[in-house]
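Breakdown of the fold
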Amino acid sequence: MKISDEAYDTDPGGALVLRSSPMKNFMFVIAACAILGATVFFGTRFMVALSPMMILLLSVPMGITALITVAIFAAAIHSFRASLRPSNWSMQIGSQSLVVNLRDYRNAVPGEALPVLRLPIQDISSMVQVTETWIRRSGRKGGERARIKRKFVELTVDGIDTSDLAKVLLHERRRNTQKSSSQKSASPFKFHALHIFVLEPGVVRLVASRRVVSALGHLLTFGEACQVDLDKKLAHEPSLLRAHALDMRGERLHATTMLSKEEGLSFSEARVLLDESTVPGVNLD
């Protein structure tokens, strides 16, 4: 296993390279444009029909709605432009090695090096498919619940230290929320669509898309699949540890909301605690 900084415009080429589809991102732009247009058109007609007093009363919620709509449109434009750049790739699966881009392509900054993992296939001692489920609750008391199901490919790499990889992934998550002085040219939008995780030493998880499962299935034999109820697994753990477990799986909003509710903190205080506290199993020194 090797982690290195690769040039922003490095294209792995060959083998099976996974990318985000520019066409899908373009369709997202079209949909966002339609939403923006409908908001402006119907919002204007609605406001014209109101009395001055009602316009004053509704100005704040209408303004917030307009800002959210504009933000969605701007994010769609940003994602589409990012999908056209050479940094738009997440993984390369070859017969000899697995190459993973550790930065979401939408967070890549032109000219800035990308952190890349190179994992030889021979270093993988076993491989299984894992299905994890958990309940996502709203921040309101007695709020709605939704059962989330995520599938992963779990790669065991016996005898290999995965702490450096965990450290880089943690840095990427925190980098996306704390813009440094070296990121002045970066977009204000930060994305958290993770496709690789280190949740315990010696184990690397990949999001189990059909293409990933199919490609790896030609190289290695899958062990018996397993299912995990994350809520039951973490039921007796402290709230901060449970929040970290969810955050590391990309459930940042859910983790912050849960921590805020259980620790009696404001949302912003809970987010600061989540970002600044030590993550179990990750040495930041």
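What you see is a predicted model, and the numbers here were worked out from it, not measured in a lab. (Residues numbered from 1 in each chain as written. Predicted model: local features only at pLDDT ≥ 70, side-chain atom pairs only at ≥ 80, totals over all residues. Heavy atoms only, no water.)

A closer look at the overall build of the chain
Rules: Only DSSP runs of H or I covering at least 4 residues are called helices, and only runs of E covering at least 2 are called strands; the numbering of each starts at the N terminus. Each residue's exposure class comes from its accessible area (1.4 Å probe, protein chains only) as a fraction of the maximum for that residue type: buried when under 20%, exposed when over 50%, partly exposed otherwise. The contact criterion used is simple: two residues touch if any of their non-hydrogen atoms lie within 4.5 Å.
For the chain, the helix and strand inventory stands at eight helices and 10 strands. When the 285 residues of the chain are sorted by exposure, 40% land in the buried category. For the chain, the share of sequence-separated contacts (at least 6 apart) that also reach a separation of at least 24 residues comes to 69%.

Observations regarding the packing of aromatic side chains
The description of two aromatic rings rests on the distance between their centres and on the angle between their planes. How we decide: What counts as a ring pair is set by centres within 6.5 Å for rings of Phe, Tyr and Trp (its six-membered ring), and what kind of pair is set by the plane angle: stacked under 30 degrees, edge-to-face over 60, tilted for all other angles.
The full count for this structure, using the stated rule, is three aromatic pairs. When the centroid spacing of 5.6 Å and the interplanar angle of 55° are considered together, the rings of Phe26 and Phe80 count as tilted. Remark: Phe80 occurs in helix H2 (residues 52–83) and Phe26 occurs in helix H1 (residues 22–48); sequence separation between them is 54 residues. Between Phe152 and Phe197, the aromatic rings sit 5.5 Å apart at their centres with planes inclined by 85°, giving edge-to-face as the arrangement. Separated by 45 residues along the polypeptide, Phe152 in strand S7 (residues 145–156) and Phe197 in strand S8 (residues 196–200) bring together distant segments of the chain. When its relative accessible area of 4% is taken as the criterion, Phe152 is described as buried.

Quick notes on the pairing of S8
What counts is decided by this rule: By the convention used here, strands pair only if DSSP detects at least 2 bridges between them.
Pairing geometry for S8 and strand S9 (residues 203–207), over three bridges, is antiparallel. Within S9, the position partnered with Phe197 by the bridge is Arg205. Here S8 hands over to S9 after two residues, with Gly202 in that stretch at a positive phi of 80°.

Thoughts on H1
Worth spelling out the cut-off: Residue count minus one, scaled by 1.5 Å, sets the expected span of a helix.
With 27 residues, H1 ought to run about 39 Å at 1.5 Å a step, and its terminal C-alpha atoms sit 39 Å apart, in line with that. What H1 keeps buried is the set Asn25, Val29, Ala32, Gly43 and Met47. Where H1 is buried, its residues contact H2.

Section: the nonpolar core
The nonpolar side chains of a soluble globular protein tend to be buried with one another. Filter applied, for reference: What we call a nonpolar core is a set of buried Ala, Val, Leu, Ile, Met, Phe, Trp, Tyr and Cys residues that are connected through their side-chain atoms within 4.5 Å.
Within the largest apolar cluster, 28 residues are counted, with the highest numbers of intra-cluster contacts made by Leu98 and Ile196. When residues of this core are traced back to their parent elements, those giving at least two are strand S3 (91–93), strand S4 (97–101), strand S5 (114–120), S7, helix H3 (163–175), S8, S9 and helix H4 (210–217). What Ile196 contacts, discounting residues up to four positions off in sequence, is Val100, Leu102, Leu117, Leu165, Leu169, Val204, Arg205 and Leu206. Counting 12 residues, the second-largest nonpolar core is a separate cluster that includes Ile148, Ala243, Met258 and Leu274.

Some points on the sheet that holds strand S1 (residues 2–6)
Rule in force here: For helices, the axis comes from a line fit to the C-alpha atoms of the stretch in contact; other axes are also lines fit to C-alpha atoms, and the angle between any two N-to-C directions lies between 0 and 180 degrees.
Read across the open sheet, the five strands follow the order S1-S5-S4-S3-S2; overall the sheet is antiparallel. At either margin of the open sheet sits one strand with a lone partner, and together these are S1 and strand S2 (16–18). The sheet shows a mean angle of 20° between the axes of neighbouring strands, direction not considered. Bridge count between S3 and S4: three bridges; the pairing is antiparallel. Of the residues in S4, the one forming a bridge with Ile93 is Leu98. Against the sheet, H4 touches S2 and S3, its axis set at about 160° to S2.

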